[in-house]
Amino acid sequence: MKNQMTHRFILIQFILLLTLISARAQENALAECTFASTGENTFFPLRPGIALTLEGEVEDDEGDLEQIQIVRKVTDQTRVITLEIDGESITIETRVVEEVESVDGEVEEISRSFYAHCEETETVFYFGEEVDIYDGEEIIDHEGSWLAGIDGAVPGIMMPGDIVVGEKYQQENAPGVAVSEAEISEVSLDVDLPAGSFKGAVRTLEMNLLEEPSEKVYAPGLGLIVDDHLELVSFNRGTTGSLADCTFASVGENPFFPLRPGLTLHLEGQDENGEGETERVRLVQQVLTGTRSFTWELDGESREIVLAIIKETRTIDGDVVEVSLNYYAHCEETDTVYDFGRDVDLIEGDEIVSHEGSWLVGVEDAEPGIVMPGRFVVGDRYRRSATTEATNLE
């Protein structure tokens, strides 16, 4: 027992020393990076739409076997993080990767981790995670949550751009929450799993102060395929966006943007015009029962999508000044509502004077935007339309 304690003490001191050295080296590396929220690191691609399902059996504390499932998704959402590097404040757009862990069919943990790809080195940096721990349907804790730039936490490396056997790097450095190191232990692996055979994989060994070392295996072009006793059982490689994975519908029940025919909203208020005069503004939004069929080229394939139509009528002091037909579709897999464009009529008196603001996906390279994510996370940033962005604030 004494020898075990001595060995553990030496291991802790060694990891702490590595942490100090790695932190300084990684801070220097950060300062030299141009960051992107998408990227093609060979073993950790930030490619929206990637979905990995790993399953396996693990013994609990009482020796009973539990069926564990982890589902990891590279989402189409991003999170902006601001931190100080070399005395300078920088803002980095990170990619949100969601992980849902279930035990015997019951969700126990949902985490949203934040990563960014360094374009100069292809290294993927780790900027923190938000953790929800469940008991039944109730969130009971957020243990393990951390964010770079808060309470002394600094970014770690999730996967180096250059893979060298024996290389060690710091993954997490959040004092009091998470401190971990990883090492490249083996390369050029051929792995047979329930989801298929994978060649040229890399194995890593992850170490922290509180748990036994953990082995993980990453496949080229895909990512995590083995997590200790869990193995990949199914996957989707994703595309340049998650749109290709969507089954679109003209009706849907996104909690904050339902596409429900007949739903009508009336908004009223006062606003000042350019001359400082107060105007009475009224906006009526109505989800029409009619739809619009739309054909769009996606990843070389022609897809027909049926779009919901939301009619908006804006009046000022009782006079109609704008009528627009807005086209949306609900992604059944993610509950995200996408914006496919709009037809706008600007009106003076009884005359249509302009169509300013009109646009449609596929015309002049316009692409769908997100009008409302399926999962609402404070700080997430998403492309609202061809020309605007939105950020979840509360």
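The shown structure was predicted, so the numbers you read here are calculated from the model rather than taken from an experiment.

J.: Provide a residue-level description of the nonpolar core, including the pertinent values.
T.: Residues Phe 35, Phe 127 and Ile 225 are the most contacted members of the largest nonpolar core, which totals 54 residues. In contact with Ile 225, not counting residues within four places along its chain, are Leu 54, Val 191, Leu 193, Phe 198, Val 217, Tyr 218, Ala 219, Leu 230, Glu 231 and Leu 232. Ile 309, Ala 329, Trp 359 and Val 361 belong to the second-largest nonpolar core, a separate cluster that totals 19 residues.

J.: An account of the packing of aromatic side chains is needed here, citing residue identities and associated values.
T.: This model, assessed by the stated rule, comprises 12 aromatic pairs. Judged by centre distance (5.6 Å) and plane angle (85°), the ring pair of Phe 35 and Phe 125 falls under edge-to-face. Of this pair, Phe 35 sits in strand β1 (residues 35-36) while Phe 125 sits in strand β6 (residues 124-135), and the two are 90 residues apart along the sequence. Since its relative accessible area comes to 18%, Phe 35 is described here as buried. A connected cluster of aromatic rings, assembled from ring pairs, spans Phe 44, Tyr 115, Tyr 126, Trp 146 and Tyr 218. The cationic tip of Arg 79 hangs over the ring face of Phe 114; the distance from NZ or CZ to the ring centre is 5.0 Å.

J.: Pulling in residues and values, what's your account of a negative patch on the surface?
T.: On the surface, a cluster of negative charge is made up of Asp 104, Glu 106, Glu 108, Asp 135, Glu 137 and Glu 138. Mapping Glu 106 onto the fold places it in strand β5 (residues 106-118).

J.: I'd like to hear about the environment of Ile 184, residue by residue, with values.
T.: Looking at where Ile 184 falls in the secondary structure, it is placed in strand β11 (residues 178-193). Judged by relative accessible area, Ile 184 falls into the buried class, the value being 0%. Taking C-alpha positions, Ile 184 is 5.3 Å from Gly 166, a pair spaced 18 residues apart along the chain. Those residues within four positions of Ile 184 in sequence are excluded, and the remaining contacts are Ile 163, Val 164, Val 165, Gly 166, Glu 167, Tyr 169, Val 202, Arg 203 and Thr 204.

J.: Describe the state of the cysteines, with residues and values.
T.: Evaluation of the coordinates by the stated rule reveals 2 disulfides. Cys 33 shares a disulfide with Cys 118; S-S distance 2.1 Å. Judged by the sign of its S-S torsion, about -95°, the bond between Cys 33 and Cys 118 is left-handed. Placement of Cys 33 in the loop between α1 (2-31) and β1 and of Cys 118 in strand β5 is noted, with a sequence separation of 85 residues between them. Both residues of the pair, Cys 33 and Cys 118, count as buried. At a sulfur-sulfur separation of 2.1 Å, the disulfide partner of Cys 246 is Cys 331. Looking along the S-S bond of the Cys 246-Cys 331 disulfide, the torsion reads about -95°, which is the left-handed sense.

Cut-offs and rules
- Residues numbered from 1 in each chain as written.
- Predicted model: local features only at pLDDT ≥ 70, side-chain atom pairs only at ≥ 80, totals over all residues.
- Heavy atoms only, no water.
- Core = buried A, V, L, I, M, F, W, Y, C linked by side-chain atoms within 4.5 Å.
- Buried < 20%, exposed > 50% of the residue type's maximum accessible area, 1.4 Å probe, protein only.
- Contact = heavy atoms within 4.5 Å.
- Phe/Tyr/Trp six-rings, centres within 6.5 Å; stacked < 30°, edge-to-face > 60°.
- Helix = DSSP H or I, 4+ residues; strand = E, 2+ residues; numbered from the N terminus.
- Lys NZ or Arg CZ within 6 Å of the ring centre and 35° of its normal.
- Patch = residues over 30% accessible without salt bridge, like charges linked within 9 Å, V, L, I, M, F, W, Y side chains within 5 Å.
- Areas by Shrake-Rupley, 256 points an atom, 1.4 Å probe, with all protein chains shown as cover.
- Salt bridge = Lys/Arg side-chain N within 4 Å of Asp/Glu carboxyl O.
- Lys, Arg positive; Asp, Glu negative; His and termini not counted.
- Charge placed at Lys NZ, Arg CZ, Asp CG, Glu CD.
- Disulfide = S-S within 2.5 Å.

Keep in mind these numbers describe shape, not what the thing actually does.
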